[in-house]
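This is what each chain is made of:
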Amino acid sequence: MTKVASDVYRVGDDMVSFYVLAEGADLTLVDAGLPAHYGRLTAALEGIGRSVRDVRAVVLTHAHLDHVGLAERLRREAGATVWVHALDEQALTTPLRPPADAKPEAGLGRYLLRHPTALRVPLHLARSGAFRTPAVTSARPFDDGMTLDVPGRPRVIAVPGHTPGSVAFHLPAQAAVFTGDALVTHDGLLGLTGTGPQIIGPVFTHDTTQARTSLEELASLDADLVLPGHGDPLRGAVADAVALARHAPC
Ligand SMILES: [Zn+2]
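Note that the structure is predicted; figures quoted are calculated from it, not measured. (Residues numbered from 1 in each chain as written. Predicted model: local features only at pLDDT ≥ 70, side-chain atom pairs only at ≥ 80, totals over all residues. Heavy atoms only, no water.)

Give me the lowdown on the coordination of the zinc ion, citing residues and values where you can.
All of the protein donors around the zinc ion are His62 (NE2), His64 (ND1), His162 (NE2) and Asp181 (OD); their distances to the metal are 2.1 to 2.4 Å. One way to put it: the four donor atoms around the zinc ion meet at angles of 88 to 169 degrees, and that makes the site irregular. The sequence pattern describing where the donors of the zinc ion fall on their chain is H-x1-H-x97-H-x18-D. A residue pair is termed long-range when its members are at least 10 positions apart, and histidine 64 in the loop between strand S5 (55-59) and helix H2 (65-68) and aspartate 181 in the loop between strand S10 (176-180) and strand S11 (184-186) qualify at 117 residues. Note on accessibility: histidine 64 and aspartate 181 belong to one class, buried. (Donors = N, O, S within 2.8 Å, 3.2 Å for Na, K, Ca; no water. Tetrahedral: all angles 85-135°; square planar, octahedral: opposite > 155°, others 65-115°. Helix = DSSP H or I, 4+ residues; strand = E, 2+ residues; numbered from the N terminus. Buried < 20%, exposed > 50% of the residue type's maximum accessible area, 1.4 Å probe, protein only.)

Shown next as structure tokens:
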């Protein structure tokens, strides 16, 4: 776990990131990684004198497998409340099978036939238990513009496209923004060429045109620290990251 801002810590592995947001002794998880990340999370929390029992809330940027792995476990073990955008709530109940109106634009199978090295992504997910992700049995829906009453008080910025209910979470006090998969700095499917600010390609994105449009919501935020769901954090104005992402291939 690395500290990325005051009261903000990054957890995960080299393919998937999620974050701990602290307010005093209470914690919010921004996204919930993969099932195999439980050990990393408990060790990381121990490192800052906390435990999973201090996790009050899990706020999700969207309901994809690689962002919800620990959500149900933390709900059960720590009594954490799981929050998600209303438009992604349904997907949380069937994490292995996205609803018909939230499916990606392109098929993964075809993509892998043309780009076999990209196979490392599903293999990594499989090894990390992604395909055993438990459904979240109870979640609280939120909407655009809300400031969530959870530790750290993140503000919801709707950035639909990657999924219908994709959001970013803005922390005005830290001038930071968690962008989930609306703006990432690494796309594992593309390997080394996929490094730098970008949207995620059609294999994992429901509507890439809408995802590009949503970048403008991010560009208007007062933030100079971008904390993505995949890839390293990026320091510098979020508007600059958006300018690069607008033209990046995906
Ligand atoms: Zn995603």
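Further notes follow.
Provide a residue-level description of the layout of surface pockets, including the pertinent values.
Roughly 810 Å³ of volume is contained in the largest pocket. Lining the largest pocket are 40 residues, and of these His64, Leu65, Pro104, Val203 and Phe204 sit closest to its centre. Mapped by element, the contributors of at least two residues to the lining of the largest pocket are H2, helix H4 (89-92) and helix H6 (120-127). Here the lining of the largest pocket takes four residues from H6, the largest share from any one element. As for the second largest pocket, its lining consists of 21 residues, and the residues nearest its centre are Tyr111, Asp187, Leu190, Pro249 and Cys250. (1 Å grid on protein atoms, 1.4 Å probe; cavity = no way out; pocket = protein on both sides within 12 Å on 5 of 7 lines; lining within 4 Å. Points joined across faces, edges and corners; volume = space filled by probe spheres on them.)

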